Amino acid sequence: MEVLNNYGIVLAVLGAVLAALVSGVGSARGVSMGGVAGAGVITEDPSKFGKVLILQLLPGTQGIYGLLIAFITLSQIGVIGGGAEEISFAKGLCYLGACLPMAIVGYTSAIRQANASVASIGVIAKKPEQFGKAMIFPAMVETYAILALLISILAVIGVGGLNI
Amino acid sequence: MTDMTDKQFLYAVARIRTKELSLFSKSDIDQLLSCKSEKECLRLLADKGWGTADETDSDKLLANERMKTWELMSELVKDLSVFNTFLYGNDYHNLKAAIKKVYTNSDLEDIFMPNGTVNPELFLQAVKEHDFTLIPEHMRECAEEAYQVMFYTGDSQLCEIIIDKAALNAIYKQGMQSGNELLAAYAELKTAFADINIIIRCIRTGKDKEFIKRALAECSSLDTARLAEAAVNEGFEGVLTYLGETVYDDAQVPLRTSMSAFECWCDNKIIELIKPQKYNPFTLSPLAAYILARDNEIKTVRILLSGKRNEIPDGAIRERLRDMYV
């Protein structure tokens, strides 16, 4: 058990890395999809740039949420800001688990939100005056990324207070 | 289709969404119909970006519009072979034209259709040298058979039937193998509509069962053996009765009206098939739908211009106009 406890910090850092990495990959793919579709619209009508840009950027938020979780986790375990203390295997595992909602939901929601954004970019191509309505559809997907962010923040902070 | 295949046409589909805005709607067609003459129609078309204000050659104008569609597709898609389902028809037409040109030793120019997968001059060379290894493999067998029929019997109708059937088989096979639902459904409809067209013409010209069987191409929505049987035993009514048992039940009314009404019905069915693609942001399907929509648009404008040129009453022209995609 003593040996396993040496890996507590590893698991906690792994959780932080996964939150930033997986959400970031999802956001990168999502923003890229929006950019490719946006470029198609701009080729024909450059005046729609502003509206298309907002839709393209929507799937980018998951990457930021992932970064936030990674930052909080690394601060909690003392990797950033100093004051690192020994983290038990169980606590490390808890940190890893706390980061997973953001990692998994972040990635999936970024891709799904990009699908909705691409469809909405199609709406902008034909009916730019419907921008408000077109933006609602991808924005709805954001709800689940925010829920995951919330639970990951609460869990990471909560785990910090556990005496295990 | 895989996720990656779905996503690789994002740019192209987004551009097509904007291009769809310039497709003619029903009200644009009504506006053209209300023009008093072909000249006025051409002027209105020029205002909408078709040709120039002093354009007088409507055939050239329509050919240019078709060319524009394929130029756009060449920009949007790296490899145009994804549209072979549409392009094969032009190849087989060019093969037919090359055989007839060589057989009749004609000097006629402009007999070839652009936008095929093979340079038409290659067909000419293959026929002149009687070397069909120069053309794609899927065309060789029918090219040899049609060549033998044409040069040894002079039966141009049989030559056409052989090539037309091979064309339908190639389109059908390509559509089914494309992995795209829309192209597969288009190939099915195209083959079935051609079979119905052939069977009606065979009945009217009194062709025998062997000829009919030789002309019909296989597809999954029609049983060609039963269709041929019905045509030979019961004639036109037999064919309609058989169609009543298939998904083409509603073809009976236009078939009873006229062949042009049936052709109009076929084109409208294709438009009905592609309409959902207006709301699909992924895959190749919206691009394929745009090509078919442009074809339909050009065909409709041709009917309109030819009606105006020949001073056909607006009511008669309207009956032949196709439904529009947008």
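Now for a quick tour of the structure. The structure presented is a predicted model; accordingly, all values stated were derived computationally and were not measured.

**Here we look at the nonpolar core**
All names here are of chain B.
So, point 1. Phe-83, Tyr-248 and Leu-287 are the most contacted members of the largest nonpolar core, which totals 92 residues.
So, point 2. With 13 residues, the top contributor of residues to this core is helix H10 (residues 181–204).
So, point 3. Apart from residues no more than four positions distant in its own chain, Phe-83 is found in contact with Trp-70, Met-73, Val-77, Leu-284, Leu-287, Ala-288 and Ile-291.
So, point 4. Membership of the second largest hydrophobic core comes to 20 residues, among which are Phe-24, Leu-61, Leu-62 and Ile-303.

**Quick notes on the interface of chain B and chain A**
Interface extent is often summarised as the accessible area lost during association of the parts.
So, point 1. Taken together, the contact pairs 14 residues of chain B with 17 residues of chain A.
So, point 2. Taken over both partners, the interface formed by chain B and chain A buries close to 1300 Å², and the fraction arising from carbon and sulfur atoms is 68%.
So, point 3. A per-residue breakdown of the area chain B buries against chain A is headed by Leu-10, Tyr-11 and Thr-18 of chain B, which together make up 34% of the total.
So, point 4. Put simply, chain B and chain A have three salt bridges between them.

**Regarding a nonpolar patch on the surface**
All names here are of chain A.
So, point 1. A contiguous nonpolar surface patch, about 380 Å² in accessible area, is contributed by Val-3, Leu-4, Tyr-7 and Val-10.
So, point 2. With respect to the helices, strands and loops of the structure, Leu-4 is situated in helix H1 (residues 2–5).
So, point 3. Taking relative accessible area as the criterion, Leu-4 reaches 37% and is therefore assigned partly exposed.

**Quick notes on the pattern of salt bridges**
So, point 1. Tallying each qualifying case throughout the model produces 26 salt bridges over all chains.
So, point 2. Lys-26 of chain B serves as the salt-bridge partner of Asp-30 of chain B, at 3.4 Å between the closest nitrogen and oxygen. Residue Asp-30 of chain B and its partner Lys-26 of chain B are located together in helix H3 (residues 26–33), separated by four residues, close to a single helical turn.
So, point 3. By relative accessible area, Lys-26 of chain B is classed as exposed at 54%.
So, point 4. Between Asp-267 of chain B and Lys-299 of chain B there is a salt bridge, with the nearest N and O atoms lying 3.0 Å from each other. With Asp-267 of chain B in helix H14 (residues 259–274) and Lys-299 of chain B in helix H15 (residues 285–309), this residue pair connects regions lying 32 residues apart in the sequence.
So, point 5. Note on Lys-299 of chain B: relative accessible area 34%, which makes it partly exposed.
So, point 6. Through salt bridges with shared partners, a single network forms among Glu-44 of chain A together with Arg-15, Lys-19 and Glu-75 of chain B.

**Topic: the packing of helix H4 (residues 61–76) of chain A against helix H6 (residues 131–160) of chain A**
Helix-helix packing: each pair is described by the crossing angle between the helix axes and the interaxial distance.
Residues and elements named next belong to chain A.
So, point 1. Packing of H4 against H6 brings their axes to within 10 Å, and their N-to-C directions diverge by 0°. When the interaxial angle is binned, H4 and H6 end up roughly parallel. Contact with H4, carried on its side by Thr-61, Gln-62, Tyr-65, Leu-68, Ile-69, Ile-72, Thr-73 and Gln-76, involves Glu-142, Ala-145, Ile-146, Leu-149, Ser-152, Ile-153, Val-156, Ile-157 and Gly-160 of H6 and no other residues of that element.
So, point 2. Per-class residue counts for the contact of H4 with H6 are 10 nonpolar, six polar and one charged.

What counts, and at which threshold
- Residues numbered from 1 in each chain as written.
- Chains lettered and ligands numbered in written order.
- Predicted model: local features only at pLDDT ≥ 70, side-chain atom pairs only at ≥ 80, totals over all residues.
- Heavy atoms only, no water.
- Core = buried A, V, L, I, M, F, W, Y, C linked by side-chain atoms within 4.5 Å.
- Buried < 20%, exposed > 50% of the residue type's maximum accessible area, 1.4 Å probe, protein only.
- Helix = DSSP H or I, 4+ residues; strand = E, 2+ residues; numbered from the N terminus.
- Contact = heavy atoms within 4.5 Å.
- Buried area = accessible area lost by both parts, 1.4 Å probe.
- Salt bridge = Lys/Arg side-chain N within 4 Å of Asp/Glu carboxyl O.
- Patch = residues over 30% accessible without salt bridge, like charges linked within 9 Å, V, L, I, M, F, W, Y side chains within 5 Å.
- Areas by Shrake-Rupley, 256 points an atom, 1.4 Å probe, with all protein chains shown as cover.
- Axes fitted to C-alpha atoms, helices over the stretch in contact; angles between N-to-C directions.
- Parallel < 35°, antiparallel > 145°, perpendicular 65-115°, else oblique.
- Nonpolar A, V, L, I, M, F, W, Y, C, P; charged D, E, K, R; others polar.

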